[in-house]
Amino acid sequence: MNDGFLSAGTGAVPVLKLGDVLLVTLPGDLHDGLAQQLQQDIGEAITRHRVGGVVIDISGVEIVDSFLGRVLAEIAAGARLLAARTVVAGMRPAVALTLVELGLTLPGLRTALSAEAAIELLGGPGVVRPAGRRREDG
Amino acid sequence: MSDTAARIDARLPIRSDMDLVWVRQHVRQAAALLGFSLVEQTKLVTAASELARNTLVHGGGGELRVARVTEGTAQGLRLTFSDQGPGIADLEQALRDGFTSGDGLGMGLGGARRLVHEFSIDSTPGVGTVVTVTSWAARTPRPRQEMS
Amino acid sequence: MPEHEALHQHESPAREVAAFLRRRREQIAQRWADEALFRSVFTVSRDEAVEAGRVVVDALAQVAESERVEDPDAAAFTVVREQLAGMAAARSRYGLSAAQVSREVDALRVAPTDLLVTDLADAPAEHLRACTTALTVLTGTLRLVVLDTALSEGQALIDRQRMQLLEVATPVIRLWDGIVAVPLIGTLDSARSQVVMETLLEAVVAEQAHFAILDITGVPTVDSLVAQHLMKTVAAVRLMGAECVVSGIRPAIAQTIVQLGLDLGTVVTRASLADALGYALRGLDADIVQAPGGASKR
């Protein structure tokens, strides 16, 4: 249960464990097979390490099409079933504009400006206060 | 200029997941060479990714032809996706948001159309499908045709 | 000089004109240097004007040589395109209309035509007519090239200025640590909305802003298209991990939005920029202390 790289699954996308959070950093362009493999790997890692949150850092991702969008939404939905919250972090402006134009607003997905902000949002390691920002309800 | 054209004009096979990666990389590079803004590059590459996946998943594979086009001083990129798959019986339905016969969120064709400046599709059931899209590297963002 | 002409009897009129232009290059360039178009552009020295004239004569001769007198896309024109466009642009800046510039280019026809008529004085009338026609067509094509180039230069200038205007009209203000605002003034069309969206999103990244405020106090009307753009912006900001607040919706606009049946749905709206700032500050857990005796609405 130590922090560090996990060798979960056979995926080429590294899954890093930081306290109660899994940190996944997506590469600039990953092919469909790899994305689906990652979905499996994350599910397995959540069960094995009983983490409460998953942060998917997409700051390096140059495009998100409907396929990758669906994978992200499914990772979040799957994690929720395993009692973990998912935050997608660091989406680039051009990617966000394109997704909106594509008609893909991913309403169920929690987002953060950066991986750090996402970890903070999930109440990650070393953070006493629940989150730096508070959302108004309703 | 002919050197630029040589790095832009291409025929790329669409037979596997990895081919989609090559398609995205080539379209990105070509759009950058023609001076597309980052946002326009991203839109075109995303549209190419959607359409190439359609070719792969619904058309059973095919190819992409990339060509530089000019109109006066404007430079653009024309992408032609073709397959010899089953074709699309009801184009109107296929272009509507939410319609899907495979993976994805049903944004494929309709979504891709919103990301490019010009879009045309020609499909014959039993013969195949050809989708042609064109985007222009504009100095100013050009108003897109608003969809109803 | 005219006695040579007999030798060229069997040449095509275009080639005849090409040979003539090469032979009379210097005289034509000299006379052009005194024409308004050249004289007013090359004000520093006459030599400069003459040299520019020679280049244009050479290009014309080359075009005639290739027998493409009516083709504005002839290769040789590309050499002089930039120079001619520069000259036309200079005249436009001077305040001349496109028609006036066109007339000045047309005036260049006179010098070579005079010389051609002189040179071919002894040639058969039919041949002379064919040659002057070729020359007229050639100069007409030149005029077309100049206007075409000037127009596209003009379009490029308009595009550049429009872009600059769009950027100038879209300032991003950092209101607080983690809060950026874009006050919109004037009509929002599709192009402008694109720039606004991009500018705001870039600012969110640059400032690592948790809140982005779009203030539409200065927007005269909101129709369904503008509302759609606002909603797109809000959605894109959310995807990036920040929150977008739309402020400055005047009562009249609120009425329009309701009457149009537009659903701003999940968009957080506030009446004024101050209210939006208050909302964002509370979202950041900032302590807002009311000054003693100060009045606050909220």
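Residues numbered from 1 in each chain as written. Chains lettered and ligands numbered in written order. Predicted model: local features only at pLDDT ≥ 70, side-chain atom pairs only at ≥ 80, totals over all residues. Heavy atoms only, no water.

1. Thoughts on the overall build of chain B
Piece 1. Along chain B, the regular secondary structure elements total five helices and five strands.
Piece 2. Starting at the N terminus, the α and β elements of chain B follow one another as α-β-α-α-β-β-α-α-β-β.
Piece 3. Here chain B holds 148 residues, and 55% of them are scored as buried.
Piece 4. Within chain B, contacts between residues at least 6 apart in sequence are counted, and of these 62% link residues at least 24 apart.
Piece 5. Carbon and sulfur atoms make up 50% of the accessible area of chain B, which totals about 6,700 Å². (Helix = DSSP H or I, 4+ residues; strand = E, 2+ residues; numbered from the N terminus. Buried < 20%, exposed > 50% of the residue type's maximum accessible area, 1.4 Å probe, protein only. Contact = heavy atoms within 4.5 Å. Areas by Shrake-Rupley, 256 points an atom, 1.4 Å probe, with all protein chains shown as cover.)

2. What about the environment of Gly110(B)?
Piece 1. Inspection of the secondary structure puts Gly110(B) in helix H5 (residues 108–115).
Piece 2. Separated by 60 residues in the primary sequence, Gly110(B) and Glu50(B) place their C-alpha atoms 9.9 Å from one another.

3. Quick look at the packing of aromatic side chains
Piece 1. Inspection of the entire model under this criterion finds three aromatic pairs over all chains.
Piece 2. Consider the rings of Trp32(C) and Phe38(C), whose centres lie 5.9 Å apart with planes at 15°: the pair is stacked.
Piece 3. Overall, the relative accessible area of 1% leaves Trp32(C) in the buried class.
Piece 4. Pairing Phe211(C) with Tyr279(C) gives two aromatic rings, centres 5.9 Å apart and planes at 85°, and the pair type is edge-to-face. Pair noted here: Phe211(C) is in strand S3 (residues 211–218) and Tyr279(C) is in helix H12 (residues 273–283), with a separation of 68 residues, a long-range link.
Piece 5. One residue, Arg113(B), lies across the ring of Phe119(B), its end atom 5.9 Å from the ring centre. (Phe/Tyr/Trp six-rings, centres within 6.5 Å; stacked < 30°, edge-to-face > 60°. Lys NZ or Arg CZ within 6 Å of the ring centre and 35° of its normal.)

4. Let's talk about the environment of Thr256(C)
Residues and elements named next belong to chain C.
Piece 1. Looking at where Thr256 falls in the secondary structure, it is placed in helix H11 (residues 251–259).
Piece 2. A sequence separation of 32 residues divides Thr256 from Ser224, and the C-alpha atoms of the two residues are 9.7 Å apart.
Piece 3. Polar side-chain contacts of Thr256 include one of 2.7 Å to the backbone oxygen of Ala252. (Polar contact = N/O pair within 3.5 Å; in protein donor to acceptor, adjacent residues only side chain to side chain.)

5. Observations regarding the sheet that holds strand S1 (residues 10–14) of chain B
The pairing of strands in a sheet comes from backbone hydrogen bonds and takes either a parallel or an antiparallel form.
All names here are of chain B.
Piece 1. Read across the sheet, five strands follow the order S1-S2-S3-S5-S4 without closing on themselves; strand pairing throughout is antiparallel. Sheet topology places S1 and strand S4 (118–124) at the edges, where each strand pairs with a single neighbour. Each strand of the sheet is rotated relative to its neighbour by a mean of 15°, with strand direction disregarded.
Piece 2. Two elements, S4 and strand S5 (residues 128–137), share seven bridges in a ladder whose sense is antiparallel. Counterpart to Glu118 in the pairing with S5 is Thr134. (Pairing = 2+ DSSP bridges. Axes fitted to C-alpha atoms, helices over the stretch in contact; angles between N-to-C directions.)

6. Topic: the confidence of the model for chain A
Piece 1. Taken residue by residue, chain A gives an average pLDDT of 83. The fraction at 70 or more is 81%.
Piece 2. This model gives residues 126–138 of chain A a pLDDT under 50, and the stretch forms 23 contacts once residues within four places in sequence are excluded. (pLDDT = per-residue confidence, 0-100.)

7. Points about H5(B)
Piece 1. For H5(B), a buried count of seven out of eight residues is recorded, marking the element as mostly surrounded by other parts of the structure.
Piece 2. Regarding H5(B), the residues found buried are Gly108(B), Leu109(B), Gly110(B), Gly111(B), Ala112(B), Arg114(B) and Leu115(B).
Piece 3. Packing partners of the buried residues in H5(B) comprise helix H3 (93–102) of chain A together with helix H3 (38–57), helix H4 (91–95), S4 and S5 of chain B.

8. Some thoughts on unusual backbone geometry
Residues and elements named next belong to chain A.
Piece 1. One non-glycine residue, Arg50, lies in positive phi territory at about 50°.
Piece 2. Positionally, Arg50 belongs in the loop between helix H1 (32–49) and strand S4 (53–57).
Piece 3. On the accessibility criterion, Arg50 (70% relative accessible area) is exposed.
Piece 4. Residue Ala83 is not a glycine yet carries a positive backbone phi of 65°.

9. Thoughts on the nonpolar core
Piece 1. Counting 106 residues, the largest nonpolar core has Leu26(A), Leu77(B) and Leu79(B) as the members making the most contacts within it.
Piece 2. Ranked by residues supplied to this core, first place goes to helix H10 (residues 224–240) of chain C with nine residues.
Piece 3. Residues within four places of Leu26(A) in sequence aside, it is in contact with Val13(A), Leu38(A), Ile56(A), Asp57(A), Ile58(A), Val61(A) and Leu72(A).
Piece 4. If you look at the next biggest cluster of nonpolar residues, it comprises 46 residues, including Trp32(C), Phe77(C), Leu116(C) and Cys131(C). (Core = buried A, V, L, I, M, F, W, Y, C linked by side-chain atoms within 4.5 Å.)

10. What about the interface of chain C and chain A?
Piece 1. The interface is formed by 25 residues belonging to chain C together with 24 residues belonging to chain A.
Piece 2. Buried surface at the junction of chain C and chain A, summed over both partners, amounts to about 2,200 Å²; 55% is from carbon and sulfur atoms.
Piece 3. Considering only the side of chain C, the residues that lose the most area to chain A are Arg238(C), Leu239(C) and Met240(C), jointly responsible for 30% of the buried surface there.
Piece 4. The tally of links from chain C across to chain A stands at one salt bridge.
Piece 5. Between Lys232(C) and Glu101(A) there is a salt bridge; the shortest N-O distance is 2.7 Å.
Piece 6. On the surface where chain C and chain A come into contact, there are six residue pairs in polar contact (both at pLDDT 80 or more).
Piece 7. Within the residue set of the side of chain C that touches chain A, elements represented by two or more residues are helix H9 (190–207), H10 and H12 of chain C. (Buried area = accessible area lost by both parts, 1.4 Å probe. Salt bridge = Lys/Arg side-chain N within 4 Å of Asp/Glu carboxyl O.)

11. Examining the pattern of salt bridges
Piece 1. Applying the stated criterion across every chain yields a total of 27 salt bridges over all chains.
Piece 2. For Asp32(A), the salt bridge identified is with Arg53(B), shortest N-O distance 2.7 Å. Of this pair, Asp32(A) sits in helix H1 while Arg53(B) is found in helix H3, placing the two residues in two different chains. For the pair shown, Asp32(A) and Arg53(B) are each scored as buried.
Piece 3. What you see here is one network of salt bridges that share partners, running through Asp29(A), Asp32(A), Asp65(A), Arg24(B) and Arg53(B).

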